[in-house]
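Architecture at a glance
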Amino acid sequence: MGLIVMALYFATKNIGKFREAKLLMTEYGVSLERLDADKVEIQSDSIEEIASYAASDLASKFKVAVVVEDAGLFIRPLKGFPGPYSSYVYKTLGLWGLLKLMNGLDDRRAYFLSAVAYSKPGGFVKVFTGKVEGFITNRPRGHGGFGFDPIFKPMEGDGRTFAEMDPSEKNRLSHRARAFRKLALWLRERKIRC
Ligand code: ITT
């Protein structure tokens, strides 16, 4: 198969997400553009389904290859809450509201999941996932990153929260970097240059 050169758009309103993905993809020679478009967000408890639907909808609307990421924080003692509702819970309860729900809980285990859906016009969709295990801290720490970063301490780290790391350190461990890395390697395998 010959070399295919095309533009790759990441549809997200979250600038923090975009910066992290762009930094990671640049390491693999992939140039990511941001698409500031409204996404269709279906109701589902599968982040893969949510991302796939939105990506294929935008790819057919804009007639370009589109990437959409749906991510969430899953807290084990809360049976995976807030999961697919993370964005809503972040906006309504915030960090302290979530910490309050965990008051008195010794089990602080949680993980972030990311589903990155790549779609082309014509209905093609492929999904890549990434996961990072960790713990919810007792109070917010650090000012980097976004969302729940100040209260998430990755298991494989050195005790710092994601918000206490710089973007390249977070990218070594994060759910998002793991999913985007899979996409980058898949594009490389198929000789797709973006
Ligand atoms: P787009 O849909 O526009 O991409 P969003 O912020 O709404 O942006 P999600 O639906 O994937 O994205 O929301 C997931 C929420 O989970 C997000 O708003 C954060 O609060 C949280 N989240 C996801 N990834 C995170 C990360 O790496 N660090 C901290 N919080 C994260």
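We now turn to the structure provided with this report. Quick caveat: nothing in here was measured; it's all calculated off a predicted structure. (Residues numbered from 1 in each chain as written. Predicted model: local features only at pLDDT ≥ 70, side-chain atom pairs only at ≥ 80, totals over all residues. Heavy atoms only, no water.)

Considering the layout of surface pockets
Considering only enclosed or pocket space, the largest pocket measures out at about 840 Å³ in volume. As for the largest pocket, its lining consists of 33 residues, and the residues nearest its centre are Asp-70, Ala-71, Ser-86, Ser-87 and Tyr-88. Looking at the lining of the largest pocket, its residues break down into 13 nonpolar, nine polar and 11 charged. Within this model, the second largest pocket holds a volume of roughly 190 Å³. (1 Å grid on protein atoms, 1.4 Å probe; cavity = no way out; pocket = protein on both sides within 12 Å on 5 of 7 lines; lining within 4 Å. Points joined across faces, edges and corners; volume = space filled by probe spheres on them. Nonpolar A, V, L, I, M, F, W, Y, C, P; charged D, E, K, R; others polar.)

Remarks on the environment of Gly-72
Relative to the elements of secondary structure, Gly-72 occurs in strand 4 (residues 65-75). Expressed as a C-alpha distance, the spacing of Gly-72 and Gly-144, which sit 72 residues apart in the sequence, is 18 Å. With residues up to four places along the chain from it excluded, the contact list for Gly-72 reads Gly-83, Ser-86, Tyr-111, Phe-112 and Leu-113. (Helix = DSSP H or I, 4+ residues; strand = E, 2+ residues; numbered from the N terminus. Contact = heavy atoms within 4.5 Å.)

What about the site of the ligand?
Among the 20 residues in the neighbourhood of the ligand, the closest are listed as Thr-12, Lys-17, Lys-39, Asp-149 and Lys-170. Between Asp-70 and the ligand, the recorded distance is 3.3 Å, taken from a side-chain N or O atom to an oxygen atom. Between the ligand and His-175 there is a distance of 3.2 Å, counted from an oxygen atom to a side-chain nitrogen or oxygen. Here the ligand occupies the largest pocket. Looking at the shell around the ligand, the elements with two or more residues in it are strand 4, helix 3 (86-92) and helix 6 (175-189). Classifying every residue of the shell around the ligand by side-chain character gives five nonpolar, six polar and nine charged. (Near = heavy atom within 4 Å. Polar contact = N/O pair within 3.5 Å; in protein donor to acceptor, adjacent residues only side chain to side chain. Sits in = over half its atoms within 2 Å of the grid points.)

Details of the environment of Tyr-53
Within the fold, Tyr-53 resides in helix 2 (residues 47-62). A C-alpha to C-alpha distance of 7.8 Å links Tyr-53 and Glu-41, two positions 12 residues apart in sequence. Leave out the neighbours within four places in its chain, and Tyr-53 touches Val-40 and Ile-42.

Here's the deal with the packing of helix 1 (residues 15-27) against helix 6
One way to put it is that helix 1 packs onto helix 6 with a least axis distance of 10 Å and a crossing angle of 40 degrees. Relative to helix 6, the element helix 1 lies oblique. Pair helix 1 / helix 6 crosses with right-handed handedness. For the pair helix 1 and helix 6, contact is made by Lys-17, Glu-20, Ala-21, Leu-24 and Met-25 and by Arg-176, Ala-177, Phe-180, Arg-181, Leu-183, Ala-184 and Leu-187, respectively. (Axes fitted to C-alpha atoms, helices over the stretch in contact; angles between N-to-C directions. Parallel < 35°, antiparallel > 145°, perpendicular 65-115°, else oblique. Left-handed = near helix turned anticlockwise from the far one by under 90°.)

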